[in-house]
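# Per-entry structural report
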Amino acid sequence: MQLGNIKNEDKAASLASLAKLYSYIPKYSNTTSKNAKANAIYGTKSNILNAYSAIEQNNYNVVKTELANAEQAFMPVINNISSNTNNQSSINKSYILIKELQNTNQNSDKDIFYIKYKNLMQELNNIK
């Protein structure tokens with residue numbers, strides 16, 4: 001991450017750097033971990049962070065693509081919900097929040113996007 005972006009308080013560039021840096025987590029996790037659920041959640045978070053970065057740059061086509069990718073990345077967690085009875089409500093709520101985030105993007109309302117982003121990331125962190 002370029003510290004100059006943070007020092008200059010360039011939010012868009014800082015988020016782009018952060019999203020790029022976070023994208024390495026799912027890559028490393030996929031090669032080192034056999035925990036498919038954790039790998040899927042890392043991938044989902046990476047896509048959502050990419051969408052957050054893109055919305056700061058008013059690039060709504062990228063936001064739409066990244067949110068669709070986040071939904072696809074989260075599908076293995078949804079499909080194995082029967083083995084995740086402890087987290088069933090968090091998994092369902094996360095999926096609903098992904099869909100709501102996609103709907104928010106269609107309205108191009110950044111403030112609502114930020115609120116739903118925060119709620120979604122918190123919910124994804126609740127899934128163990």
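Note: the structure precedes this text.
Here the structure is a predicted model, which means the values were calculated and not measured.

### Concerning the packing of aromatic side chains
By the definition in use, this model includes three aromatic pairs. Taken together, a centroid distance of 6.3 Å and an interplanar angle of 25° make the contact between tyrosine 24 and tyrosine 28 stacked. Highlighted residues: tyrosine 24 and tyrosine 28, both in helix H3 (residues 24–32), separated by four residues, approximately one helical turn. Among the residues examined, tyrosine 28 registers a relative accessible area of 55% and is labelled exposed. Ring centres of tyrosine 52 and tyrosine 114 lie 5.3 Å apart, and the angle between their planes is 45°; this geometry places the pair in the tilted category. Residue tyrosine 52 is found in helix H4 (residues 36–56), and its partner tyrosine 114 is found in helix H7 (residues 110–126); the two are separated by 62 residues along the sequence.

### Re the nonpolar core
Residues Ile48, Val63, Phe74, Phe113, Tyr117, Leu120 and Leu124 are the most contacted members of the largest nonpolar core, which totals 28 residues. Within the residue set of this core, elements represented by two or more residues are helix H2 (11–22), H4, helix H5 (60–79), helix H6 (88–107) and H7. A per-element tally of this core places H4 first, with eight residues. In this structure, leucine 124 is in contact with Ile41, Thr44, Lys45, Ile48, Phe74 and Ser94, ignoring residues within four places of it in sequence.

### Here we look at the packing of H2 against H3
Look at H2 against H3: their axes get within 4 Å of each other, and the N-to-C directions meet at 0°. Considered as vectors, H2 and H3 are oriented roughly parallel to each other. In contact with Lys20, Leu21 and Tyr22 of H2, H3 contributes Tyr24, Ile25 and Pro26.

The rules behind each value
- Residues numbered from 1 in each chain as written.
- Predicted model: local features only at pLDDT ≥ 70, side-chain atom pairs only at ≥ 80, totals over all residues.
- Heavy atoms only, no water.
- Phe/Tyr/Trp six-rings, centres within 6.5 Å; stacked < 30°, edge-to-face > 60°.
- Helix = DSSP H or I, 4+ residues; strand = E, 2+ residues; numbered from the N terminus.
- Buried < 20%, exposed > 50% of the residue type's maximum accessible area, 1.4 Å probe, protein only.
- Core = buried A, V, L, I, M, F, W, Y, C linked by side-chain atoms within 4.5 Å.
- Contact = heavy atoms within 4.5 Å.
- Axes fitted to C-alpha atoms, helices over the stretch in contact; angles between N-to-C directions.
- Parallel < 35°, antiparallel > 145°, perpendicular 65-115°, else oblique.

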